[in-house]
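Working through the structure, step by step
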Amino acid sequence: MERSAAAVRRLRAPGGGGGGELRDPQRPPARGGDDEDGACAAGGKKRGGPRRRALAEARGVPLVLLYLLGLRALVQVSQRQLLSRPGRGGARDFSALRARRYLDDITAIGPRTVGSPENEIHTVNYLIEQIKAIEVESTDAHRIFVDIQRPTGSFSIDFLGGFTSYYANITNIVVKLEPRNGAEHAVLSNCHFDSVPNTPGASDDAVSCSVMLEILNTLSKSSESLQHAVIFLFNGAEENILQASHGFITQHEWAKSIRAFINLEAAGVGGKELVFQTGPENPWLVQAYVFAAEHPFASVVAQEVFQSGIIPADTDFRIYRDFGNVPGIDLAFIENGYIYHTEYDTSDRILTDSIQRAGDNILAVLKYLATSDRLAKSFEYRHGNVVFFDILGLLVLAYPARVGTIMNYIIAAIAALYLSKKVLQPKTRALNNLKKFSTAFGLTLLSWISALVTVFIVAVFISLIGRSLSWYTHFYVSVSLYGTAATAKLIFVHTLAKKFFYKNMNEQYLGDVFFDASLMVWSIALAILTQIGLCSAFVCTLWVVFPLITKLMIHNEFRQKGATMRFVMMYMLGMFVPYLYLMYLSWTVFEMFTPIMGRSGSEIPPDVVLAGLIVAITVILSSYFINFVYLVKSTKMTLVTLTTVFVVTLLLVCSGIFFPYSSDSINPKPKRVFLQHTSRRFHDLDGNLVKSDSGIWINGFDYNGISHITPHVPEINDTIRTQCEERAPFCGLPWILPVHFMFRKNWYLPVPEILPTSPVLFKVLAKELMPWNSVRLNFEVSGPSHMSLYIRPHEGSTLSTWSLGDGRPVASIGGDYFVFYSHGLQATAWHFWIELTASEEHTDGIVSLAIAAHYFFGKDQKSPQLYALLERLPDWVFSSGWSSTYDLFVF
């Protein structure tokens with residue numbers, strides 16, 4: 001019996017003190033009864049011997065690791081099962097097989113770049129044909145109207161540092177399904193059928209358009225009449241940075257009736273579609289999704305991360321929100337982002353179960369909105385935000401943010417009250433208790449910072465030796481490298497504290513105080529996140545409520561002799577909900593962020609970013625288990641194991657055995673490289689050609705640049721690094737978008753000049769002197785479907801206004817002005833003017849203006865030299881190539 005009691009003493013819960021005082025480990029305990037464990041106090045000889053301490057160690061750390069691995073396995077299994085889970089209603093109205101036929105037909109057309117016959121003619125004709133067939137079979141309960149819109153317009157946007165967009169004669173297919181007697185209000189469903197150049201665009205976004213076609217088919221055949229209209233927008237220019245949605249919401253006559261929208265997008269290929277944006281405000285929309293969606297998958301955490309700008313992407317949601325003042329729901333497929341926007345984004349990679357799941361969800365939500373009284377009175381329900389999150393995809397919890405705020409403050413106050421009671425009782429020991437508690441709190445933070453610094457040093461070292469992204473194809477490498485380093489450093493810091501700072505102190509007391517220190521950290525985090533208005537504070541709520549309840553419920557458990565394992569199991573059971581949810585949330589975060597690291601540009605070290613994420617997850621997971629360091633005899637075995645795994649992984653990474661990229665036919669993870677065969681011409685103030693060259697301009701989309709390509713194509717090396725033309729806007733390079741700040745490392749391989757059959761025609765139509773020392777320059781430009789205009793006012797002059805956007809010029813990062821231009825078929829020449837104010841006469845002109853033309857399709861797309869270079873690239877590279885020109889003029 002004495003041995004059992006000793007084992008309990010060795011592995012006593014951090015909740016041992018319950019809601020009572022922090023007992024001074026130096027104070028002699030009463031003899032006998034439940035206070036027998038006082039023999040472990042400082043100055044007294046600890047009972048139990050090495051054997052019983054070893055028992056506590058053997059049951060401690062391994063159990064924690066098995067617990068976490070079990071939670072991870074549970075999350076992984078749940079994700080696989082959710083795709084095939086049947087809907088609530090049994091028999092399904094939505095046919096995924098028919099939607100797949102639509103998808104196969106659309107992707108068979110090929111890449112659908114704006115302005116190409118594939119996008120403007122073939123896809124449009126196919127969609128119209130299917131819509132007409134659906135209209136023929138519709139019931140008398142509905143009416144279907146179809147309109148092909150060809151809008152022209154311009155707007156400015158603060159995406160990618162800020163730029164202005166101009167579009168001409170692009171294509172929208174708009175379908176309205178309404179009750180036989182008409183409807184005053186409508187809900188919009190949006191997809192886009194265009195794709196980025198050189199890709200089939202199955203997931204982004206042909207599958208969404210296929211789902212919408214089948215939803216239109218299903219609703220039109222229903223004998224049940226809708227209360228409101230449903231407008232289906234098949235937009236043909238989303239990849240041109242949201243142009244078609246702007247043309248619809250600002251110009252189409254049906255746009256005025258829209259009260260809410262659902263936007264269907266992709267950041268990956270298949271899988272589950274995540275609700276990652278809602279609103280703004282209008283909590284009733286989230287409630288509609290919660291009530292109607294059959295397979296819910298939603299997170300306010302994803303919303304706040306996406307809207308923070310950390311992810312370099314945007315969707316039509318922004319256009320409807322900012323230019324239409326319409327609330328909505330933004331959904332996107334997020335699985336397998338490695339092949340997003342590549343040639344591998346094919347229809348066969350999208351599971352039929354994914355299509356079925358998306359169709360069930362969107363059909364149910366659209367039907368709910370189209371029959372809801374709230375849609376017509378949405379303005380009455382617009383105020384307030386909402387906290388929402390799903391639980392393993394089984395259900396979504398949602399509640400008003402104001403309720404969450406009140407609840408969070410109450411929970412934080414209860415935790416503060418509990419901790420105050422622990423510290424301040426008895427009053428005679430309050431100061432000493434506070435000192436010891438503050439020390440534990442400081443040590444906890446120190447261990448976190450120490451782990452972060454250590455892992456960052458490793459990540460920077462890996463980046464400097466050229467081994468970045470070793471985990472890109474083998475994700476377990478990142479866990480073995482950075483996860484083990486972070487965990488080992490956390491344990492090491494607390495082991496040193498236990499050995500030298502807390503020598504001969506009661507283990508149960510130490511476990512208790514460090515548990516409370518973690519509770520204090522989370523309580524502070526909860527209060528801070530709530531104060532700054534983040535709905536994601538609910539995560540902190542979970543990490544305060546469940547640990548506190550667990551501690552209060554099991555505080556008597558270890559007073560019972562022989563209850564070691566029962567206590568451990570009850571402790572882990574009490575922590576089950578927050579740990580399971582964090583594993584689930586972490587899975588989603590890594591699923592989204594890891595592929596993004598392969599397309600995040602040449603300036604951001606991806607190992608540092610991923611290492612930071614792993615440290616953050618490790619710190620959170622260790623919060624309420626780090627106290628086990630103080631409850632076991634020794635952490636030597638654990639530290640040796642973790643260190644061995646780290647060192648072996650580090651050596652293997654340094655050796656280059658983990659190649660970052662893969663051309664595996666089933667699960668490819670390619671390196672992205674963009675190549676432009678460009679011809680550049682630079683003119684002076686008198687119009688004379690002062691410089692010209694031609695070359696293949698190469699941009700690698702990740703931090704590794706071309707280091708892995710050079711062995712295969714030796715002439716692509718660092719001796720041909722691109723030099724910036726300092727006097728030309730955007731360094732004299734033909735950027736298709738203003739992403740120059742993300743890709744400062746690029747290469748320029750000299751090759752013969754290209755002569756496009758449809759060259760840019762650039763004319764100055766007029767030069768007008770305006771009041772207040774201003775001059776207006778009128779231009780006419782004609783050329784291919786995609787062009788970029790760059791403007792740099794010279795020193796002493798200012799670009800005051802222009803005919804683009806709302807008339808107010810928006811500068812990009814670096815101070816130059818960027819205009820993105822595109823047109824559909826049969827567009828007239830582009831006319832625009834700019835007005836500059838100059839304080840004095842300039843002998844070298846007042847503005848430099850450049851125009852870049854991009855040939856994404858047709859016979860001008862790829863030169864023989866470009867074809868030859870593309871053929872030499874290894875098969876693990878996804879290369880997107882086209883021809884371009886850059887012409888600079890000074891006025």
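Here the structure is shown first, and the text comes after it.
Residues numbered from 1 in each chain as written. Predicted model: local features only at pLDDT ≥ 70, side-chain atom pairs only at ≥ 80, totals over all residues. Heavy atoms only, no water.

Here we look at unusual backbone geometry
Spelled out, the test is: We count a stretch as a helix when DSSP gives it H or I for four or more residues in a row; a strand needs E for two or more, and each element gets its number in order from the N terminus.
The linkage connecting aspartate 204 with the following residue, aspartate 205, adopts the cis geometry, with an omega of 10 degrees. Tracing the chain through its elements places aspartate 205 in helix α5 (residues 202-221). With omega at 5 degrees, the peptide bond leading from glycine 279 into proline 280 counts as cis. Considering the arrangement of structural elements, one finds proline 280 in the loop between β8 (273-279) and α7 (283-292).

A closer look at the nonpolar core
Cut-off, in case you're wondering: Here, the term nonpolar core denotes a set of buried Ala, Val, Leu, Ile, Met, Phe, Trp, Tyr and Cys residues that are joined through side-chain atoms within 4.5 Å. We call a residue buried when its accessible area falls under 20% of the maximum for its residue type, exposed when it is over 50%, and partly exposed in between, using a 1.4 Å probe and counting protein chains only. Here, two residues are considered to be in contact whenever any of their heavy atoms come within 4.5 Å of each other.
Grouped together as the largest cluster of nonpolar side chains are 187 residues, with contacts concentrated most on Phe232, Phe234 and Tyr482. If you tally residues by element for this core, the top one is helix α18 (residues 576-596), at 11 residues. If sequence neighbours within four positions are ignored, phenylalanine 232 has contacts with Ile173, Val174, Val175, Leu177, Ser189, Met212, Ile215, Leu216, Leu219 and Leu366.

Quick word on the layout of surface pockets
What counts is decided by this rule: Cavities and pockets were defined on a 1 Å grid built over protein atoms only: a cavity is a set of grid points that admits a 1.4 Å probe from which the probe cannot escape, a pocket is an open set flanked by protein on both sides within 12 Å along at least five of seven lines, and lining residues are those with an atom within 4 Å of any such point. Grid points are joined across faces, edges and corners, and a volume is the space filled by probe spheres set on the points. Think of it as three bins: nonpolar holds Ala, Val, Leu, Ile, Met, Phe, Trp, Tyr, Cys and Pro, charged holds Asp, Glu, Lys and Arg, and polar takes everything else, Gly as well.
In this structure, the second largest pocket encloses a volume near 920 Å³. Taken together, 37 residues form the lining of the second largest pocket, with Val301, Val305, Ser536, Leu585 and Val589 sitting closest to its centre. Those elements that place two or more of their residues in the lining of the second largest pocket are α8 (300-307), α15 (507-531), α16 (538-554), α18 and α19 (606-622). Its residues placed into classes, the lining of the second largest pocket shows 31 nonpolar, four polar and two charged.

Section: α15
Rules: Helix span is expected to be 1.5 Å times the residue number reduced by one.
The end-to-end C-alpha separation of α15 is 36 Å, in line with the 36 Å expected for 25 residues at 1.5 Å each. Burial runs high along α15: 18 of the 25 residues are buried. A positive backbone phi angle near 85 degrees is found at glycine 533, which sits one or two residues after α15.

Looking at the sheet that holds strand β1 (residues 142-149)
Strand-to-strand pairing in sheets goes through backbone hydrogen bonds, with the strands running parallel or antiparallel. What counts here: We call two strands paired when DSSP finds no fewer than two bridges between them. Only the contacting stretch of a helix is used when fitting its axis, a line to C-alpha atoms as for every element, and angles between N-to-C directions run 0 to 180 degrees.
Strand order in the open sheet formed by seven strands is β1-β4-β6-β5-β7-β9-β8, with mixed pairing between adjacent strands. Every interior strand has two partners, whereas the edge strands, β1 and β8, have only one. Across the sheet, the mean angle separating the axes of adjacent strands is 15 degrees when strand polarity is ignored. In this sheet, strand β7 (residues 258-266) lies alongside strand β5 (residues 186-192) in parallel orientation, the contact comprising five bridges. Its bridge partner being in β7, leucine 188 is matched across the sheet by phenylalanine 261. In the packing of α7 onto the sheet, contacts are made with β7, β8 and β9 (328-333), and the angle to β9 comes to roughly 50 degrees.

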